[in-house]
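The lines below spell out each chain.
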Amino acid sequence: MAPLAESLDFLQGEDGMLMGYLLPTLYALEKKMTILEQKNLQFCSPLVKTIKNSLKKRFSSVWNKKELIIASCLIPRFKLVWLEGCIGCNYFTAEAWLKTLFESVDESNNSENSESDYASEDFFCLPVAKKKSKKSSCMEEIELYLKSNCQDLSLLHTHPAVLKIFLEYNTPIPSSAPVERLFSTGSNVMTVIRNKLSDSLFEKLVLLKQNKMSV
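Here's a quick rundown of the structure. (Residues numbered from 1 in each chain as written. Predicted model: local features only at pLDDT ≥ 70, side-chain atom pairs only at ≥ 80, totals over all residues. Heavy atoms only, no water.)

A few points about the overall build of the protein chain
Then step 1. Across its full length, the protein chain carries 9 helices and 0 strands.
Then step 2. In the protein chain, the succession of helices and strands from N to C terminus is α-α-α-α-α-α-α-α-α.
Then step 3. Within the protein chain, the proportion of its 215 residues that are buried is 33%.
Then step 4. The contacts of the protein chain with a sequence gap of at least 6 include a subset with a gap of at least 24, amounting to 61%.
Then step 5. In the form shown here, the protein chain has an accessible surface area of approximately 14,500 Å², with 57% of it arising from carbon and sulfur atoms. (Helix = DSSP H or I, 4+ residues; strand = E, 2+ residues; numbered from the N terminus. Buried < 20%, exposed > 50% of the residue type's maximum accessible area, 1.4 Å probe, protein only. Contact = heavy atoms within 4.5 Å. Areas by Shrake-Rupley, 256 points an atom, 1.4 Å probe, with all protein chains shown as cover.)

Examining the side chain of Thr 185
Then step 1. Inspection of the secondary structure puts Thr 185 in helix H8 (residues 177-189).
Then step 2. A residue is classified by how much of its surface remains accessible, and Thr 185, at 11% relative accessible area, is buried.

Digging into the packing of aromatic side chains
Then step 1. In total, this model carries 5 aromatic pairs according to the counting rule given.
Then step 2. Judged by centre distance (5.2 Å) and plane angle (40°), the rings of Tyr 27 and Trp 82 are tilted. Of this pair, Tyr 27 sits in helix H2 (residues 22-37) while Trp 82 sits in the loop between helix H4 (66-73) and helix H5 (91-119), and the two are 55 residues apart along the sequence.
Then step 3. Three or more aromatic residues joined by ring pairs make a cluster, and in this case those are Phe 10, Tyr 21 and Phe 78.
Then step 4. The side chain of Arg 58 reaches across the aromatic face of Phe 59, ending 5.1 Å from its centre.
Then step 5. Note that Lys 79 overlies the ring of Tyr 145, its terminal NZ or CZ placed 5.6 Å from the centroid. (Phe/Tyr/Trp six-rings, centres within 6.5 Å; stacked < 30°, edge-to-face > 60°. Lys NZ or Arg CZ within 6 Å of the ring centre and 35° of its normal.)

Topic: the environment of Glu 143
Then step 1. Relative to the helices and strands, Glu 143 is located in helix H6 (residues 138-147).
Then step 2. In this structure Glu 143 comes out as partly exposed when scored by relative accessible area, which is 32%.
Then step 3. Each C-alpha atom, one on Glu 143 and one on Glu 95, is 9.7 Å from the other, the two residues being 48 residues apart in sequence.

With respect to helix H3 (residues 45-58)
Then step 1. The terminal C-alpha atoms of H3, which comprises 14 residues, lie 20 Å apart, in line with the 20 Å expected from a rise of 1.5 Å per residue.
Then step 2. Along H3, the residues that are buried comprise Ser 45, Val 48, Ile 51, Lys 52 and Leu 55. Looking down the long axis of H3, one finds its buried residues gathered within 130° of arc, a one-sided arrangement. Looking at H3, the residues exposed on the side facing more than 90 degrees away from the buried face are Pro 46, Asn 53, Lys 57 and Arg 58.
Then step 3. On its buried face, H3 sits against helix H1 (2-11) and H2. (Expected span 1.5 Å × (residues − 1). Arc of directions from axis to C-beta.)

Some details on the nonpolar core
Then step 1. Counting 38 residues, the largest nonpolar core has Leu 23, Cys 73, Leu 74, Trp 82, Leu 98, Phe 102 and Ile 142 as the members making the most contacts within it.
Then step 2. At the level of elements, H2, H4, H5, H6 and helix H7 (160-170) are the ones that each hand at least two residues to this core.
Then step 3. Ranked by size, the runner-up nonpolar core spans 5 residues in total, among them Leu 29, Met 33, Val 48 and Leu 55. (Core = buried A, V, L, I, M, F, W, Y, C linked by side-chain atoms within 4.5 Å.)

Rendered as structure tokens:
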């Protein structure tokens, strides 16, 4: 049960936990359970098989979910490496999804620039000669990002287009545990004796308590 317990503890963490960690964690858990299954356990073999089957049944709808795969690939620690040998989506499919996504961003940026060129022209609506821009398109950024050996989140700050999409796909968290803990903190603050707290004061008290600070 250790691999399952470790995976649950990891996904329910509050520090630095992102939606992109969900699928790599599930894939890693599935691999660990497969290794245990191959050890020919004397008593726990049915338990391992049950856990594997339950994982596939419970998460069958998310194994190949495009949004979750993109979220994982946009975390520098994983990029596309975690997809090698994984069930479901493969390396090349994920790479194609990423490039298609950033191509669409490039096209929208180009259309906005062309509209502004025409809008600023004179009475005859002639296009303005475009200034030569540095080669830093979204497509080039994602290619440089995928080729980088850096696994730290700081890598995203050198690729602003990748950072923007990263925030879009990784803002949610994979577990409701941190949210439930926050609600629990709120109920401890808003007690029967302190039921006249204003909204702003209640918010400040919850934040202070949650961040382990004393008033």
